[in-house]
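Each chain, letter by letter, is given below.
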Amino acid sequence: MAEPAYADLHTHTTASDGLHAPEENVRMAHEAGLAAVAVTDHDTVAGLPAAFREGERLGITVVPGVEISTVANGQDIHVLGYYMNLEDPLFLERLAELRSVRERRNDLMLARLRELGIPIRLEEVEAIKAERQGQADKPAESIGRPHIADWLVRHGVVSSMREAFDKYLGKGGQAYVNPPRIHPAEAIRWIHEAGGCAVLAHPGLYGDDPLVAELISAGLDGIEALHSDHSAEQEERYRRMATEAGLLVTAGSDFHGKRQGETFHGPIGNRRVGLDVVNRLQNQGRGAR
């Protein structure tokens, strides 16, 4: 009897705020015994071509994905998209607009840190990002909060990445800002218009089940019930919500890499789902490959 085949449907690379290049994520997934891995960078699909090439070399399926940044009820909400048309000009333009919001968020967050007496500059954070990518001669494509946290650790402002988020960068932190973004229902529409499937990322982090129900009514295709930061009770609750609504149940590590000895949010493959889910995502979303 053949061994069961599994997929991790949520990982990040240096195309957004991950530590590792897309090829490295694919290799780590292969080493973890996975049959498939999704690359789901924040508001960009730039890492997918390299991931596809490495997947073909190793014989592992790379699921094309993206994680769209949205806001609802005053907090960040993330919507995962899979199997979109990666050449859809309108979809790519919309992602570019979201990245510009992320850049404004970074500027505001750095300004708040400076108001708190922390002499951080964007150029220094860009240098950290470029160094992580092995491209120290040019600025990063997309800066994220982990890069700012990395600067805070390197300069002794905090002792760990987790402290950086708890004290400054996470929801409720002293430098946290949340500029206007699209509503998650709009992200669902964008993904569908690009031929993809829309999945709500890590709902347990939001503490807003009425919003989950609202987004189910807005056309969600799935819920990421299995996530590195979900408790067993949360995983069961969102698995049940998805099943009762006839939606896909997905799983993802939300791997961002390892910094200062800490893995965010979990290692590749620590949350996984069967390939039947990948096949259903691909059949429902006919946009990519």
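Draft legend 1. Here's a closer look at the layout of surface pockets. By volume, the largest pocket is sized at about 820 Å³. What lines the largest pocket is a set of 32 residues, and nearest its centre among them are Arg145, Phe165, Gly170, Leu205 and His265. Within the lining of the largest pocket, the residues separate by chemical class into eight nonpolar, 11 polar and 13 charged.

Draft legend 2. Representation of helix α1 (residues 22-31) in the model. All buried positions along α1 are accounted for by Pro22, Asn25, Val26 and Ala29. The buried residues of α1 occupy one face: seen down the axis, they fall within an arc of 100°. Tucked into the core, α1 has its buried residues touching β2 (36-39), α2 (48-58) and β3 (61-72).

Draft legend 3. Here's a closer look at the sheet that holds strand β10 (residues 273-274). A sheet is described by the order of its strands in space; here eight strands give the open sequence β7-β6-β5-β4-β3-β2-β1-β10, paired in mixed fashion. In this open sheet, the two edge strands, each paired with only one partner strand, are β7 (248-252) and β10.

Draft legend 4. Inspection of the environment of Ile191 at higher detail. Tracing the backbone through its elements, the reader meets Ile191 in helix α7 (residues 184-193). Of the residues examined, Ile191 reaches a relative accessible area of 0% and is grouped as buried. Ile191 sits 125 residues away from Val66 along the chain, and the two C-alpha atoms are 9.4 Å apart. The contacts of Ile191, once residues within four sequence positions are left out, are Ile68, Val79, Leu80, Gly81, Met84, Phe91, Gly196, Cys197 and Ala198.

Draft legend 5. Structural detail: the side chain of Ser228. Among the secondary structure elements, Ser228 is positioned in the loop between β6 (222-227) and α9 (232-244). Engagement of the side chain of Ser228 in a polar contact is seen with the backbone oxygen of Ser253, the distance being 2.6 Å. Among the polar contacts made by the side chain of Ser228, one reaches the side chain of Asn270 at a distance of 3.2 Å. With near-sequence residues (within four places) excluded, Ser228 lies in contact with Gly252, Ser253, His265, Gly266, Asn270 and Arg271.

Draft legend 6. Focus on helix α6 (residues 161-169). Restricting attention to buried positions, one finds in α6 the residues Met161, Ala164, Tyr168 and Leu169. Summarising the axial view, the buried residues of α6 lie within an arc of 65°, below the 170-degree limit, and thus occupy one face.

Draft legend 7. Representation of the pattern of salt bridges in the model. Counted by the stated rule, this structure contains 14 salt bridges. Among the ionic pairs, Glu123 bridges to Arg121, the shortest N-O distance being 3.4 Å. The class for Arg121 is partly exposed, based on a relative accessible area of 43%. Notably, a salt bridge pairs Arg189 with Glu193, separated by 2.7 Å at the nearest N-O pair. One end of the pair is Arg189 and the other is Glu193, both in helix α7 and four residues apart, which spans about a single turn. Here Arg189 falls in the partly exposed class, since its relative accessible area comes to 35%.

Draft legend 8. Expanded view of the side chain of Thr11. Its location among the elements puts Thr11 in the loop between β1 (6-8) and α1. Relative accessible area serves as the criterion here: at 0%, Thr11 is assigned to the buried category. Among the polar contacts listed, one links the side chain of Thr11 to the side chain of Asn25, at a separation of 3.2 Å. Ignoring anything within four residues of it in the chain, the contact list for Thr11 reads Asn25, Val37, Ala38, Val39, Thr40, Asp41, Ser253, Phe255 and Ile268.

Draft legend 9. Representation of the pairing of strand β4 (residues 75-82). In terms of burial, β4 is a largely internal element, eight of the eight residues being buried. Side chains Gln75, Ile77, Val79 and Gly81 of β4 all project onto a buried face; the interleaved residues Asp76, His78, Leu80 and Tyr82 project onto the opposite face, where all are buried too. In this sheet, β4 lies alongside β3 in antiparallel orientation, the contact comprising eight bridges. Bridge assignment links Ile68 to a residue of β4, and that residue is Val79. If you look at the hairpin formed by β3 and β4, you'll find two residues sitting between the two strands, and Asn73 has a positive phi there, around 55°. Where β4 and strand β5 (residues 197-200) come together, four bridges link them in antiparallel fashion. Counterpart to Gly81 in the pairing with β5 is Ala198.

Calculation criteria
- The residue numbers shown here count from 1 along each chain, following its written sequence.
- Where totals are concerned, whole chains, interfaces and linings use all residues; where local detail is concerned, this predicted model gives features only for residues with pLDDT of at least 70, and gives and counts side-chain atom pairs only at 80 or more.
- As a convention, hydrogens and water are excluded, and side-chain values are obtained from all of the structure's heavy atoms.
- Two kinds of site are reported from a 1 Å grid over the protein atoms alone, namely cavities, where a 1.4 Å probe fits but cannot get out, and pockets, open sets with protein on both sides within 12 Å along at least five of seven lines, and residues are called lining when an atom falls within 4 Å of a point.
- Grid points are joined across faces, edges and corners, and a volume is the space filled by probe spheres set on the points.
- Each residue gets one of three labels, nonpolar for Ala, Val, Leu, Ile, Met, Phe, Trp, Tyr, Cys and Pro, charged for Asp, Glu, Lys and Arg, and polar for the others, Gly among them.
- Relative accessibility under 20% of the residue-type maximum defines a buried residue, over 50% an exposed one, and the middle range a partly exposed one, all with a 1.4 Å probe and only protein chains included.
- Helix numbering and strand numbering both begin at the N terminus, where a helix is a DSSP run of H or I of at least 4 residues and a strand a DSSP run of E of at least 2.
- Directions drawn from the helix axis to the C-beta atoms are what define this arc.
- It only takes one pair of heavy atoms within 4.5 Å for two residues to be counted as in contact.
- Only strands that DSSP links by at least two bridges are regarded as paired with each other.
- Nitrogen and oxygen atoms within 3.5 Å of one another constitute a polar contact, given that in protein one can donate a hydrogen and the other can accept it, and given that sequence-neighbouring residues count only through two side-chain atoms.
- The salt bridge definition used is simple: a Lys or Arg side-chain nitrogen within 4 Å of an Asp or Glu carboxyl oxygen.

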